[in-house]
Amino acid sequence: MEEKPKEIKKTQLTDEKIKSNTMAVVWPAVAESLFVGLVGMIDTMMVGNLGPAAIAAVGLTAQPKFIGLAIFMSFNSAVASVVARRYGERSRDDANNILVNGMVLVCILTAIISFLYVKFSYGIVKFMQGDEITTALASDYLKIIMGGLIFSTGTFFINACQRGIGNTKITFKTNLVSNVINVILNYLLIEGHLGFPRLEIKGAAIATVIGSAAGFVMALCSVLKKGGFLYLFTHVKIGFYPKTVSSLSKVGTSALAEQACMRFGFLIFTLTVSSLGTNSFAANQIGMNISMISFSFGDGMSSAVLALVGRSMGEKDVDLAKKYIKCCLKIGRTATIFTSIIFFFFGRQLFLMFTDEPEVLSYAVFISAVLGLTTILQIPAMVFAGALRGAGDAMFIAVTSLVCIGLIRSFFSWFLTYPMGLGLYGAWMGFFTDQAMRFVLNYTRFRKGRWERISL
């Protein structure tokens, strides 16, 4: 990745304007991330009445699903970063070249992955080492979810482009509508209310797909306005511009490596826990769902700071980028205090929203305490990660993911769970170790300032 000295501009924006600009991007991004996280959380919560096996079944599909999405998530990360740069440079044609050709690529890849997951859903879930009942339920759920994958991947891609130009409001709206529809249909289809058929876990999957379809329609409409910076039917050639290919490759290969490392680590963690039995795995799944509260704050702020830093770097205003990062960290501290209090004092109540199974609830206080400690480090770590991605230093984040998730979390979770005999408690200690190391590495990298000299 090319590095060269840059002229350091001093921003003319007031602190109040910077705060206003930051909040305009941050709050919809955080809300969007919360709603994305709520999809799996709502499904888990609403199938909770069907018993621990149903909760575990939804949990078994999580990592296979995200492995299938990994290439899209890495591509979207690169797209958001590069579109943010082009927006800062006021290069509308380049941005629309990414939008048009990226959409074609997403459709092709989605068709291939959907076919493979639908055809081999049972074998994929069987690999996760659940029992026969849980595996059968998970297979039905995964087949439906991945059969309707185009609605999710299409929405994620368009929203990534919109985040790049700072238009996080549309991404918030699409996810709000998607989740509202999902909740309503979950109520109607899981247990068969108001005359609808009782489809149980299949009903949860169908509700998710229909909700995603509604969100996709909204996202698509947002790029069909001729006057907008992003316009799907603009007259650009089919095929990425050489400059676009170079920029996407620089960030995209790093993002793909990051996703590969993350998914490997998460998969090993899930396999470690799934062998502990249905109730332990159900408790782990509930804990992971609850962790979405803090993760969503961090992920939303990471997306926001990526757009703000990318735009500022496109304008060659490093000083402005630093001020946006500082502002996001201040907001992050507030989010950290809020979420930590929830985890420390209301952990058991959160678990009760999913199940009243005594064995599952026995893990509630410990897992919630770990999440409370983790949040203190997780949110600022994700802000630093977003800033580094926005500046183009995505390869470092990939290496961090390999070290922390792929190696540290995998090893410590396994070691503490089995050789040390701590069971699920040990797995969650490994989870905390990973998060702590990511904070240390991301913070150290940011402080060194290499990101200030990266060109895309």
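A closer look at the overall build of the protein chain
Logical step 1: Broken down by element type, the protein chain carries 15 helices and 0 strands.
Logical step 2: Dimensions of the protein chain along its principal axes, counting C-alpha atoms only, are 60 × 45 × 35 Å.
Logical step 3: Classification of the 456 residues of the protein chain by burial places 59% in the buried group.
Logical step 4: Distance between charge centres in the protein chain, computed from 41 positive and 26 negative side chains, equals 7 Å.

What about unusual backbone geometry?
Logical step 1: A positive phi is found at Arg90, a non-glycine position, where the angle reads about 60 degrees.
Logical step 2: Within the secondary structure layout, Arg90 lies in the loop between helix H2 (52–88) and helix H3 (92–119).
Logical step 3: For Arg90, a relative accessible area of 53% puts it in the exposed group.
Logical step 4: With a phi close to 55 degrees, Glu200 is a non-glycine residue in the positive phi region.
Logical step 5: Relative to the assigned elements, Glu200 resides in the loop between helix H7 (168–189) and helix H8 (201–222).

Observations concerning the state of the cysteines
Logical step 1: Taken as a whole and assessed by the stated rule, the structure comprises 0 disulfides.
Logical step 2: Left without a disulfide partner, Cys107 is nearest to the cysteine sulfur of Cys161, which lies 12 Å away.
Logical step 3: Left without a disulfide partner, Cys328 is nearest to the cysteine sulfur of Cys327, which lies 6.1 Å away.
Logical step 4: Owing to a relative accessible area of 0%, Cys328 belongs among the buried residues under this scheme.

Considerations on the pattern of salt bridges
Logical step 1: Enumeration according to the criterion identifies 9 salt bridges in this entry.
Logical step 2: Between Arg198 and Glu200 there is a salt bridge whose closest N-O contact spans 3.0 Å.
Logical step 3: The shortest N-O distance in the salt bridge between Asp393 and Arg450 comes to 3.1 Å. With Asp393 in the loop between helix H13 (364–391) and helix H14 (394–417) and Arg450 in the segment after helix H15 (424–448), this pair connects stretches of sequence that are 57 residues apart.
Logical step 4: You can call Asp393 buried: its relative accessible area is 3%.
Logical step 5: Judged by relative accessible area, Arg450 falls into the partly exposed class, the value being 24%.
Logical step 6: Here the salt bridges do not stand alone but share partners, grouping Arg86, Glu89 and Asp94 into one network.

Description of the nonpolar core
Logical step 1: The biggest cluster of nonpolar side chains holds 105 residues, and the ones touching the most others in it are Val79, Phe157, Ile290, Trp428 and Trp451.
Logical step 2: Apart from the residues within four sequence positions on either side, Val79 is in contact with Ile98, Phe157, Ala160, Cys161 and Leu248.

Considering the side chain of Ser91
Logical step 1: Structurally, Ser91 can be placed in the loop between H2 and H3.
Logical step 2: Of note is the side chain of Ser91, whose polar atom sits 3.1 Å from the side chain of Asp94.
Logical step 3: Every residue in contact with Ser91, bar those within four places of it in the chain, is listed here: Arg86 and Phe229.

Things to note about a positive patch on the surface
Logical step 1: Together, Lys19, Lys326, Lys330 and Arg333 line one region of the surface with positive charge.
Logical step 2: The element that contributes the greatest number of residues to the positive patch is helix H11 (residues 318–352), accounting for 3 residues.
Logical step 3: As for its placement among the helices and strands, Lys330 is situated in helix H11.

A word on H13
Logical step 1: The end-to-end C-alpha distance of H13 is 39 Å, a good match for the 40 Å that 28 residues give at a rise of 1.5 Å each.
Logical step 2: The sharpest bend along H13 measures roughly 40 degrees and falls at Thr374.
Logical step 3: Counting buried residues in H13 gives 23 out of 28 residues, a clear majority hidden from the surface.
Logical step 4: After H13 finishes, the residue Gly392 shows a positive phi value of roughly 100 degrees.

As for a nonpolar patch on the surface
Logical step 1: Judged by side-chain polarity, Ile337, Ile341, Phe344, Phe345, Phe346, Leu373 and Ile376 come together as a nonpolar surface patch covering roughly 720 Å² of accessible area.
Logical step 2: Counting only elements with at least two residues in the nonpolar patch, the list comes to H11 and H13.
Logical step 3: For Phe346, the position within the fold is in helix H11.

Topic: the confidence of the model for the protein chain
Logical step 1: Counting all residues, the mean pLDDT for the protein chain is 84, and 92% of those residues have values of 70 or more.
Logical step 2: Put simply, helix H1 (residues 15–46) is where the protein chain has its lowest mean pLDDT, 75, and H15 is where it has its highest, 94.
Logical step 3: Here residues 1–8 scores under 50 on pLDDT; set against residues more than four positions off or in separate chains, the count is 21 contacts.

Examining the packing of helix H6 (residues 149–164) against H8
In a pair of packed helices, the angle between the axes and the distance between the axes together describe the arrangement.
Logical step 1: The contact between H6 and H8 brings their axes to 8 Å, and the two run at 35 degrees. Considering only the axes of H6 and H8, their crossing is left-handed. Residue-level contacts link Ile150, Phe151, Ser152, Gly154, Thr155, Ile158, Asn159 and Gln162 of H6 to Val209, Ser212, Ala213, Gly215, Phe216, Ala219, Leu220 and Ser222 of H8.
Logical step 2: In terms of residue class, the contact of H6 with H8 is built from 8 nonpolar, 8 polar and no charged.

Observations regarding the packing of H3 against H6
Logical step 1: Between H3 and H6, whose axes approach to 9 Å, the crossing angle comes to 155 degrees. Accordingly, the angle class assigned to the pair H3 and H6 is roughly antiparallel. For the element pair H3 and H6, the recorded crossing hand is right-handed. For the pair formed by H3 and H6, the contact residues are Ile98, Leu99, Gly102, Met103, Val106, Cys107, Thr110, Ile113 and Ser114 on the first element and Leu149, Ile150, Thr153, Gly154, Phe157, Ile158 and Cys161 on the second.

Overview of H11
Logical step 1: Over its 35 residues, H11 runs 47 Å from end to end, which matches the ideal 51 Å to within 8%, given 1.5 Å per residue.
Logical step 2: At Phe346, H11 shows its strongest bend, of approximately 85 degrees.

So, how was this worked out
Residues numbered from 1 in each chain as written. Predicted model: local features only at pLDDT ≥ 70, side-chain atom pairs only at ≥ 80, totals over all residues. Heavy atoms only, no water. Helix = DSSP H or I, 4+ residues; strand = E, 2+ residues; numbered from the N terminus. Buried < 20%, exposed > 50% of the residue type's maximum accessible area, 1.4 Å probe, protein only. Lys, Arg positive; Asp, Glu negative; His and termini not counted. Charge placed at Lys NZ, Arg CZ, Asp CG, Glu CD. Disulfide = S-S within 2.5 Å. Salt bridge = Lys/Arg side-chain N within 4 Å of Asp/Glu carboxyl O. Core = buried A, V, L, I, M, F, W, Y, C linked by side-chain atoms within 4.5 Å. Contact = heavy atoms within 4.5 Å. Polar contact = N/O pair within 3.5 Å; in protein donor to acceptor, adjacent residues only side chain to side chain. Patch = residues over 30% accessible without salt bridge, like charges linked within 9 Å, V, L, I, M, F, W, Y side chains within 5 Å. Areas by Shrake-Rupley, 256 points an atom, 1.4 Å probe, with all protein chains shown as cover. Expected span 1.5 Å × (residues − 1). Bend = angle between axes of the 7 residues up to and from the residue. pLDDT = per-residue confidence, 0-100. Axes fitted to C-alpha atoms, helices over the stretch in contact; angles between N-to-C directions. Left-handed = near helix turned anticlockwise from the far one by under 90°. Nonpolar A, V, L, I, M, F, W, Y, C, P; charged D, E, K, R; others polar. Parallel < 35°, antiparallel > 145°, perpendicular 65-115°, else oblique.

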